[in-house]
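# Topology and contacts: notes
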Amino acid sequence: MARYNPKESEPRWRAAWADADVFRAPDLGSAGDRPKYYVLEMFPYPSGRLHVGHVRNYAMGDVVARFKRARGFNVLHPMGWDAFGSPAENAALERGIHPKTWTRDNIAAMREQLKLLGLSIDWSREFATCDPDYYGRQQALFLDLYRRGLVYRKEGVVNWDPVDHTVLSNEQVIDGRGWRSGAPVEKRKLTQWFARITDYADDLLDGLTTLEHWPDKVRLMQENWIGRSKGLRLTFAFADAARGEGLEVYTTRPDTLFGASFVAVAPDHPLAAEIAAANPDAAAFIAECRKGGTSTAEIEAGEKKGFDTGLQVTHPFDPSWRLPVWIANFILMDYGTGAIFGCPAHDQRDLDFAGKYGLPVRPVVLPPDADPARFAVTDEAYVGPGRIFNSGFLDGLEIEAAKAAAIARIEAQDQGQGATVYRLRDWGVSRQKYWGCPIPIVYCEACGPQAVPDDQLPVILPDDVTFDRPGNPLLRHPTWRNVACPSCGGPAQRETDTLDTFVDSSWYFARFADPHAAEPINKAAADYWLPVDQYIGGIEHAILHLLYARFVTRTLADGGQLSVREPFAGLFTQGMVTHETYRRQNGDWVEPQAIEMAVEGETRRARLIDGGETVVIGDIEKMSKSKKNVVSPEEISEAYGVDAARLFVMSDSPPERDVQWTTGGIKGAWRFVNRIWDEFDSQPAGPAASAPVGDDPTAMELARATHRLIAAVTDSIEGFRFNSGVARLYEFLNTLRAAPAENASAAMLSARYQALSALARLIAPFTPHLAEACWERLGEAGMVVSAPWPEFDPALASDDQRILPVQINGKRRGEIRAAVGAQSADIEKIALADAGVQRHLEGLTVRKVIVVQDRIVNIVAA
């Protein structure tokens, strides 16, 4: 039999698809009455090169797109580039290359890599966010929001990245550091542009309940970030009445007011500024606070520090009770009122603070079954359930009842009122960077801020800028900044800030509906294609990108440009591809292709191919260029073909989990590709005679297995269990090999032909090039990419077997099919013979096999 040759086959079929333009999504006029399906992977940043981790992400979307197309859907599967951002500007500084050149070169390289993967992408809709055609229309959307009052400009305290020289949103500060640079973030006061995302806080929160096809963990992350909480705003009167009306605080625990021992304000609070103006020590403390982390996690973990202002307030329930006022580094100005009362017994931050400064700790919530005479709080705050005590009129009440009673008393005293607040802050969209979408505003001393007229859009970035030093080069451009005021014609200056790149990705999915439209969004096209039926991307975007896209979609719906309020009906967050890391003795990272492995008993050793130096085998980590543990698509294509790589990343583990890239794994996938080809190559050419399959019991069993396979693979793709579908294909191949074409009866040849015809279509989403070659070898008409998905007969597909998961050392590594009630010994044989299980057992010795009948197989190996 002829060996399958991917180097010859794969380019041939990619060219055939391109010549036939089979992946072009229909325009509205030619959409017909077929249902639509919009599948989209989060578009990539053009960093330069793809690796196998990207292959997994885009292959998942491709499986779904090809499957839905075969099922009769009009499929939209586009690709674009999230092309603005700091890395391009940093490259300009480091390499002396213009950001546009760096970005365009990277796009060209990555486009060819994506095409190498055989993805079913409609390339006619491609765009980059750095295209003036795209960002000019984004400027028009910005001005629409500006006129509607949904974007505004104000001075405020911002997160400043001292390396990237730009402002970061709260969401872009990770553990107190810039999300791209990793530099410790500072607090600064700047005048910035903001989007009123807080106006949509309730809508965004309530909308999460409608997203039934989103992961629960993503919805919970967004819910926590929006952070709706009900509580009380109350004013503590100053003990010195001459200081004014008092200090307003917000609390979610008014039930603990009798446990208060201090009041504290944020370092950016107006009262803190007032104190600092007259007290150098207070000013120095505030300056030190601004160097600290800004994230909730870092504030929680950091040392709690304070400055005693010397001021006092009176307790709202006892005017004779005085509480000191502090400035504290763990209070955030952008939550509530920027001021709190501290109840150390029932809040860990307050307890840590009280312990440091010797403030009283007075418990007021009694745990169930605790003795009120003996209960005390020492090192750990009590935050559990209980009844209120030591609290006057609140004594004996449960927590929720005590909250209501405390709020009622404060409202009756006219000292405050019940309130709902949010953790979510308005989105700061200004960035002090060149490589971004220019904000279409000019400033005139006579007229103030003015929108750039529509007929002057796009405001295009100038190419002739210099990157000889950090900071925004637009500030140093000799002419671009100076313009005439669109209102009075006098001298004016352009806004030199550019938009946060998350603005670019907050509406691109709508532009894909018609990327050539004169207006930003072709509403008719968007009404047809949106929402995105299946969105695929990393969990790292659970808050940043997804929340902003949901917000902007709502603003566009309210402005009449869209009809949907939720942009993504279905969301899938894929796992990462990992790989071992390798380091030389001097600590330098080493690429996998630069080493060779030697196995000595149960020990693996690595050394450099060039020179033989011993290499340290490190942890298994996410593929990253910085640690050089990446494998490129070109390397895999050259050695095994693209389809083998696609098959491996789909088969090795559930798609939401990480998968480890191994040489053994890709070799196993390559062997399977060839086994499939062998079955097609051994079948007599041309359609088989339609002999009655039912006349031959063996042929009938193959027919039943074929229909079971169709049902199983269909279900696995619909349910995003791609590895399960591939496992069924492995299993079915064993069935086919047990019924060879040689010396087969006419009924068996007919059954085999039907089986192979179905198999070619079933493997097409996973290994599309191989499927085309098999389809052609079988003598079928046209290309398999245009063939309908096979249908199964429920009567033939039903069986008395069950799918059993197989675990190796506690980790799920595959599935097998076994008859209901099968003996443990038989199930053990099936499990150990499974190709996927064998791959995971390579280099291991099976110590024990535990079979739980009809439920699971556990293998212990070492």
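This report concerns the structure included in the present document. Small disclaimer: the values here were computed from a predicted structure and weren't measured.

Conventions we followed
Along every chain, residues carry numbers that run from 1 in the direction the sequence is written. With the structure being a predicted model, the display of local features is reserved for residues of pLDDT at least 70 and the display and counting of side-chain atom pairs for 80 or more, all residues being used for whole-chain, interface and lining totals. To get the side-chain values, all heavy atoms of the structure are used, and hydrogens and water are removed first. A strand pair is defined by DSSP finding two or more bridges across the two strands. Working definition: helices are DSSP H or I runs of at least four residues, strands are E runs of at least two. Numbering for both runs from the N terminus. To get an axis, a line is fitted to the C-alpha atoms, and for a helix only the part in contact is used. The angle between two axes follows their N-to-C directions and goes from 0 to 180 degrees. The contact criterion used throughout is that any non-hydrogen atoms of two residues lie within 4.5 Å. Planes of paired rings set the category: under 30 degrees apart is stacked, over 60 is edge-to-face and the rest tilted, where pairs are Phe, Tyr or Trp rings (Trp by its six-membered ring) whose centres lie within 6.5 Å. Remark: exposure states derive from per-residue accessible area (1.4 Å probe, protein chains only) relative to the maximum for the residue type, with buried under 20%, exposed over 50%, and partly exposed in between. In our convention, an over-ring charge means Lys NZ or Arg CZ found within 6 Å of a ring centre and within 35 degrees of that ring's normal.

Strands sit in the order E20-E19-E22-E21 across an open sheet of four strands; the sheet is antiparallel. The outermost strands of the open sheet, each flanked by one partner alone, are strand E20 (448–451) and strand E21 (482–484). Neighbour to neighbour, the strand axes of the sheet diverge by 40 degrees on average, direction disregarded. Pairing between strand E19 (residues 441–444) and E20: four bridges, direction antiparallel. In the strand pairing of E20, Ile441 is matched with Ala451. Relative to the sheet, helix H5 (residues 132–147) contacts E19 and E20, its axis offset from that of E20 by approximately 130 degrees.

Another point: the packing of aromatic side chains. Evaluation of the coordinates by the stated rule reveals 40 aromatic pairs. Both rings, one in Tyr134 and one in Trp507, keep their centres 4.6 Å apart while their planes meet at 15 degrees; by these two values the pair is stacked. Placement of the pair is Tyr134 in helix H5 and Trp507 in the loop between helix H13 (501–504) and helix H14 (508–511), with a sequence separation of 373 residues. Summarising the burial analysis for this pair, Tyr134 and Trp507 share the class buried. Measuring from ring centre to ring centre gives 4.7 Å for Trp326 and Tyr357, while their planes differ by 45 degrees; the resulting arrangement is tilted. Here the residue Trp326 occupies a position in strand E12 (residues 318–328), and Tyr357 occupies one in helix H11 (residues 348–357), the gap between them amounting to 31 residues. Aromatic ring contacts, followed pair by pair, group Phe43, Phe127, Tyr134, Trp507, Tyr508, Phe509, Phe512, Tyr535 and Phe568 into a single cluster. One cation-aromatic arrangement involves Arg423 over Trp225; the distance from NZ or CZ to the ring centre is 3.7 Å. A cation over an aromatic ring shows up here: Arg583 above the ring of Trp589, its NZ or CZ 3.8 Å from the ring centre.

In this fold, Val364 is placed in the loop between H11 and strand E14 (365–366). On the accessibility criterion, Val364 (0% relative accessible area) is buried. A C-alpha to C-alpha distance of 58 Å links Val364 and Leu841, two positions 477 residues apart in sequence. Residues in contact with Val364, not counting those within four places in the same chain, are Thr256, Phe258, Gly259, Cys343, His346, Arg387, Ile388, Phe389, Asn390 and Ser391.

The next subject is the side chain of Asp82. Looking at the secondary structure, you find Asp82 in the loop between strand E2 (74–76) and helix H3 (86–95). Sequence-distant contacts of Asp82, that is, excluding residues within four places in its chain, are made with Phe43, Pro44, Tyr45, Pro46, Thr129, Thr501, Asp504 and Ser505.

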